[in-house]
Amino acid sequence: MLQVNDVHAGYGNLKILRGVDMSISDGGIVTLLGGNGTGKSTLLKAISGLIPLMKGQITFDGVDISNLKPHERVRLGIVQVTQAKEAYPAMSVEENLVLGAYTRKDREATKADLERVYDFFPVLRERRKQMSGTLSGGEVQMLVIGRGMMAKPKMLMLDEPSAALAPKVVLEIFANINRIAKSGVTILVVEQNVRMALILAQYGYIIRDGIILIEGIADKLIKDPSVKESFLGGSVADVSRGLNNK
Amino acid sequence: MGFDLNSFLAFIIFGVTIGVVYGIVALGISLIYSGLDIVHFAHGEMYMFGAFFGLVLADNVGLPYPVALVGAMIITAIVGMSVERVFYRRLTRAGGGYTVAGMGMIICGFGMSVAMVNVAYFIWGAEAEPFRANLDYIPRLQFPGDIEVPESYVLTAIISVILMIGLHYFLRYTKPGLAVRAVAHNKDIAYLMGINVPLMISLIFGVACALAAAAGVLIGPMQSVQVEMGYLMLMKAFAAAVVGGFGSLPGAIIGGIMVGVFENLGAAYISASHKDIYAFLLLILVLMVKPSGLFGVEAKVKA
């Protein structure tokens, strides 16, 4: 479905991605893992078109999209869900969701999808007239995911859906990501919450310093000592274990 | 001279009427600012061009006044969109999106202002031209106490209200309006919603310039139309926008009305020869009390 070939990209003169290769096939959940400043978000922006490629090529369903504008990529079915803080606070929940379906002309199906989003996230239905600036962190995260669903994506890219959320809320959101994937949408989820992401996903990529360091089946990555070594970092893993024991 | 309630009310009525016109221009400036993050210094010239287009269409071509108004709005919108597309966009473009442009954009706006004034001199000459509009079908408004409001003022009030309601409806209830608001808030996310951001930016600019043109055609029959009229309008519309809170659309209208009323009362009771000072006096007073303007939120901070 998505082919990323030797992609170099960054901001101005600062090159962050230094030759990323990735191949995502139809269906299922793929996760992209990495610490802060390793290029995760940059890669998402390169795929959605918010930043231009310096070198390399991206194809989607066999079409070269490297030079398409972001809104043209949305029309092809690549939809990026931004981080939770980036809803439109001065718009109501429903306006945000309607905005998500901006490219669509099929009114009836759009309406049905709106209901589907409300079924996935009942709290959004309760708050649909409320300004999205008044929602809690978890609710805003549900809103931006719902907004992404409204675009009728073939591939949905999520940027750290678990960031700064309580574990219970993260579980609910991850369960819904799973439901979206089951409905036939391919999902690429960027995460820092490694363990959760690898349980959720079937396949994983680990990015570091702008290149893909390790890739593989998620079940294997969890057990792979080099993943722990290179990315989880002994100390971080120990700390999280320590926290869990308390 | 004792205080005369009737003439006081008359000054307020005239102040409000002229004030909504300031408000309409301020609305355009605010729209461009919130949508494109640029302060458009050539907006007064859009107003001036609009007035001339209206004059040409009404007096030379002989179209009825309302048709000339709409025509002037459309032509000015096209001029504005071309100016934005050809000149401003090169300065504001960085990495495919619209970003804060800074100093270059301000200088470019000033340059555009000077250039447009000179183009106007070249086409229409330096003389002030009277705008003869046939407004006989508009009733004069008779208020109790011998206050009579001329047709052009009545018309101005009506059309201004229509324009404001139209803009409100467009932004609040239509799909392109929703997209405009999305672009105004955050261009990257608007892109990710599948919105054609460059197109929306053209649209914002066109609407803002059309509003300025409407103001020009409305002012025309009250005053005369001349090349230098844009500068003072720009200053007052800025005052109105800042008084109301820069970037706030209701604020622009309220600010405009306040400037209009304040100016008329100042001219009536303090000194008529310093009419143009009062707008700025009001500006200073409001900023002393509330630096963000009446309806302003805290300064827009860009990452």
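For every chain, the first residue of the written sequence is number 1, and numbering continues from 1 onward in sequence order. By the order in which they are written, chains take letters starting at A while ligands take numbers starting at 1. With the structure being a predicted model, the display of local features is reserved for residues of pLDDT at least 70 and the display and counting of side-chain atom pairs for 80 or more, all residues being used for whole-chain, interface and lining totals. No hydrogens and no water enter the side-chain calculation; it runs on all heavy atoms of the structure.

> Before we move on, could you go through the pairing of strand β2 (residues 14-24) of chain A and cite the residues and values that matter?
Residues and elements named next belong to chain A. The pairing criterion is simple: DSSP has to find at least two bridges between the two strands. Runs of H or I in DSSP of at least four residues are treated as helices and runs of E of at least two as strands, each being numbered from the N terminus. In the sheet, strand β1 (residues 2-11) pairs with β2 via eight bridges, with the strands oriented antiparallel. Directly across from Ala 9, in β2, lies its bridge partner Leu 17. If you look at the hairpin formed by β1 and β2, you'll find two residues sitting between the two strands, and Gly 12 has a positive phi there, around 60 degrees.

> So, the pairing of strand β9 (residues 203-208) of chain A: which residues are in play, and what are the values?
Residue and element names in this part refer to chain A. Pairing between strand β3 (residues 29-33) and β9: four bridges, direction parallel. When the sheet's bridge partners are listed, Thr 31 is paired in β9 with Gly 204. In the sheet, β9 pairs with strand β10 (residues 211-217) via six bridges, with the strands oriented antiparallel. The residue bridging Tyr 203 from the neighbouring strand is Ile 217, located in β10. Between β9 and β10, which follow one another and run antiparallel, lie two residues, and Asp 209 among them has a positive phi close to 50 degrees.

> Tell me what's going on with the sheet that holds strand β7 (residues 155-159) of chain A, and back it up with residues and numbers.
All names here are of chain A. Across the sheet, six strands lie side by side as β6-β7-β8-β3-β9-β10; this open sheet has mixed pairing. The open sheet has two edge strands, β6 (78-81) and β10, and neither has a second partner. The sheet shows a mean angle of 20 degrees between the axes of neighbouring strands, taken without regard to direction. Bridge analysis of β3 against strand β8 (residues 186-191) gives five bridges, and the strand direction is parallel. Among the inter-strand pairings, Thr 31 is bridged to a residue of β8, identified as Val 189. Across the sheet, helix α6 (residues 137-150) is in contact with β6 and β7; its angle to β6 comes to roughly 170 degrees. We call two residues in contact whenever any of their non-hydrogen atoms come within 4.5 Å of each other. Only the stretch in contact is used when fitting a helix axis, every axis being a line fitted to C-alpha atoms; angles between N-to-C directions are given from 0 to 180 degrees. Against the sheet, helix α7 (residues 167-182) contacts β3, β7 and β8, and its axis sits at roughly 155 degrees relative to β8.

> Before we move on, can you summarise unusual backbone geometry with the specific residues and values?
All names here are of chain A. A positive phi angle is found at Asp 61, which is not glycine, with a value near 50 degrees. The backbone phi angle of Ala 164 is positive, close to 60 degrees, even though this residue is not glycine. Turning to its location among the elements, Ala 164 is positioned in the loop between β7 and α7. Partly exposed describes any residue whose relative accessible area lies between the buried limit of under 20% and the exposed limit of over 50%, with all areas from a 1.4 Å probe on protein chains only and scaled to the type maximum. Residue Ala 164 is classed as exposed on the basis of its relative accessible area, which comes to 82%.

> An account of the nonpolar core is requested, with residue identities and associated values reported.
By nonpolar core is meant a set of buried Ala, Val, Leu, Ile, Met, Phe, Trp, Tyr and Cys residues that side-chain atoms within 4.5 Å join together. The biggest cluster of nonpolar side chains holds 103 residues, and the ones touching the most others in it are A:Leu99, B:Tyr47, B:Met48, B:Tyr88, B:Val183 and B:Ile195. Among the elements that take part in this core, helix α8 (residues 197-219) of chain B stands out by supplying 16 residues, more than any other. Excluding residues within four positions of it along the chain, B:Val183 makes contact with B:Gly35, B:Ala190, B:Ile195, B:Val197, B:Met200, B:Ile201 and B:Ile204. Listed in part, the 38 residues of the second largest apolar core include A:Val79, A:Leu135, A:Met142 and A:Leu200.

> Describe the packing of helix α5 (residues 151-173) of chain B against α8(B), and please don't skip the residues or the numbers.
All names here are of chain B. Contact geometry for α5 and α8: axes closest at 10 Å, N-to-C directions at 170 degrees. Put simply, α5 runs roughly antiparallel to α8. Within the contact between the two elements, α5 uses Thr 156, Ile 159, Ser 160, Leu 163, Leu 167 and Phe 170 and α8 uses Leu 203, Val 207, Leu 211, Ala 214 and Leu 218. Looking at the contact of α5 with α8 residue by residue, the class counts come to nine nonpolar, two polar and no charged. Oblique is the label for every angle not falling under 35 degrees (roughly parallel), over 145 degrees (roughly antiparallel), or within 65 to 115 degrees (roughly perpendicular). The classification used treats Ala, Val, Leu, Ile, Met, Phe, Trp, Tyr, Cys and Pro as nonpolar, Asp, Glu, Lys and Arg as charged, and all other residues, Gly among them, as polar.

> Describe the environment of B:Gly71, and please don't skip the residues or the numbers.
Among the secondary structure elements, B:Gly71 is positioned in helix α3 (residues 65-92). Here the alpha-carbon distance between B:Gly71 and B:Lys275, two residues 204 residues apart in the chain, equals 32 Å.

> Which residues make up the side chain of A:Thr103, and what are the values?
Here A:Thr103 lies in the loop between α3 (93-100) and α4 (107-120). According to the relative accessible area criterion, A:Thr103 is buried, its value standing at 13%. With near-sequence residues (within four places) excluded, A:Thr103 lies in contact with A:Val74, A:Arg75, B:Met193 and B:Gly194.

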